[in-house]
Amino acid sequence: MNFNLQPVLENDLCILSPLEEKDFDALYKVASDPKIWEQHPNKDRWKKEVFEKFFEGAMQSKGAFKIIKKETGEVVGSTRFYDFNQEEDCIFIGYTFYAVSCWGKGFNLSVKKTMLDYLFKSVSKVRFHIGAENIRSQIAISRVGAQKIAEEEVAYFGEKPKWNFVYEIEKPN
């Protein structure tokens, strides 16, 4: 891999900063809202013991970020890079969630665009796992320009496998 999995990335709305162990409480404060997980394959991730596994997986991935709202400096979510595949020249973006207060305000689009701009300097394809029942995220990822290319079971870290759709965006010419 010829790029950094945890750079600091920035756009008009937020800063993506490498996730650190000390960020657990701030991130769990956001993640403890059950509304965030209603359509997600892992609907009980708002529970502290379930979120602890998620956070452990984020730290082990070495590609996780906290999303900081520029205007206030508060942590408003998380996302990560994972599953780099050199043969296919692709990587995944996922495990993304935002505080409900950020929904519908352009955060997801700006974060994804910032991540894609960074990744397309090094890979030709970026993929996303989206829960089969997560209509909100399916709509959001299609707004970013991704196309559904497959369906598969995904074994989330420390959790049971769940049915996901795979979306892909290719590097623009």
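Shown above is the structure to which this text applies.
Note that the coordinates shown come from a computational prediction; the quantities given were computed from them, not determined experimentally.

A few words on the overall build of the protein. Along the backbone of the protein there are four helices and eight strands. Its helices and strands in sequence order give the protein the pattern β-β-α-α-β-β-β-α-β-α-β-β, from N to C terminus. Rg of the C-alpha trace for the protein: 15 Å, near the compact-globule value of 16 Å for 173 residues, within the 12% margin. Its C-alpha atoms give the protein principal-axis dimensions of roughly 40 × 35 × 30 Å. Scored against the burial criterion, the 173 residues of the protein give a buried share of 50%. Within the protein, contacts between residues at least 6 apart in sequence are counted, and of these 61% link residues at least 24 apart. Carbon and sulfur atoms provide 49% of the accessible area of the protein, an area that totals close to 8900 Å².

So, on to the side chain of K125. Within the element layout of this structure, K125 appears in strand β6 (residues 125-131). In this structure K125 is buried but unpaired, with E88 as the nearest side chain of opposite charge at 5.0 Å. A polar atom in the side chain of K125 sits 3.1 Å from the backbone oxygen of E88. Setting aside chain neighbours within four positions, we find K125 in contact with E88, D89, C90, I91, F120, E168, I169 and E170.

For the rest of this paragraph, the subject is unusual backbone geometry. If you check the backbone angles, D89 has positive phi at about 55° while not being a glycine. With respect to the secondary-structure elements, D89 resides in the loop between β4 (75-85) and β5 (90-98). If you check the backbone angles, Y95 has positive phi at about 55° while not being a glycine. Locating Y95 in the fold gives a position in strand β5.

Another point: the packing of helix α1 (residues 24-31) against helix α2 (residues 48-61). Interhelical geometry of α1 versus α2 gives an angle of 125° and a closest axis separation of 11 Å. When the axis of α1 is compared with that of α2, the two are oblique. Seen from above, α1 lies across α2 with right-handed handedness. Residues F24, L27, Y28 and A31 of α1 touch α2, and the partners they reach there are K48, F51, E52 and F55. Classifying every residue of the contact of α1 with α2 gives six nonpolar, no polar and two charged.

Here we take up the pairing of β4. Of all 11 residues in β4, eight are buried; the element is thus mostly enclosed. Two strands pair when backbone bridges link them, and strand β3 (residues 64-69) and β4 are joined in this way by five bridges, in the antiparallel orientation. If you follow K66 over to β4, its bridge partner there is S78. Linking β3 back to β4 in an antiparallel pair, the connection comprises five residues, with G73 at a positive phi of about 80°. Where β4 meets β5, six bridges bridge the pair, whose relative direction is antiparallel. Directly across from S78, in β5, lies its bridge partner F97.

Next up on the list: the nonpolar core. Counting 54 residues, the largest nonpolar core has F51, F81, F97, L119, V126 and F128 as the members making the most contacts within it. Beyond its immediate chain neighbours, meaning those up to four positions away, F51 contacts F24, L27, Y28, A31, R45 and F97.

Overall, mixed pairing links the eight strands, which are arranged β1-β2-β3-β4-β5-β6-β8-β7 in an open sheet. Lying at the two open borders of the sheet, with one neighbouring strand each, are β1 (9-10) and β7 (147-154). Summarising the sheet, β1 and strand β2 (residues 14-18) pair through two bridges and their orientation is antiparallel. When the sheet's bridge partners are listed, L9 is paired in β2 with L16. Sheet contacts for α1: β4 and β5; angle to β4, the most-contacted strand, approximately 100°.

Calculation rules
- Residues numbered from 1 in each chain as written.
- Predicted model: local features only at pLDDT ≥ 70, side-chain atom pairs only at ≥ 80, totals over all residues.
- Heavy atoms only, no water.
- Helix = DSSP H or I, 4+ residues; strand = E, 2+ residues; numbered from the N terminus.
- Rg over C-alpha atoms; globule rule 2.2 N^0.38 Å.
- Buried < 20%, exposed > 50% of the residue type's maximum accessible area, 1.4 Å probe, protein only.
- Contact = heavy atoms within 4.5 Å.
- Areas by Shrake-Rupley, 256 points an atom, 1.4 Å probe, with all protein chains shown as cover.
- Lys, Arg positive; Asp, Glu negative; His and termini not counted.
- Salt bridge = Lys/Arg side-chain N within 4 Å of Asp/Glu carboxyl O.
- Polar contact = N/O pair within 3.5 Å; in protein donor to acceptor, adjacent residues only side chain to side chain.
- Axes fitted to C-alpha atoms, helices over the stretch in contact; angles between N-to-C directions.
- Parallel < 35°, antiparallel > 145°, perpendicular 65-115°, else oblique.
- Left-handed = near helix turned anticlockwise from the far one by under 90°.
- Nonpolar A, V, L, I, M, F, W, Y, C, P; charged D, E, K, R; others polar.
- Pairing = 2+ DSSP bridges.
- Core = buried A, V, L, I, M, F, W, Y, C linked by side-chain atoms within 4.5 Å.

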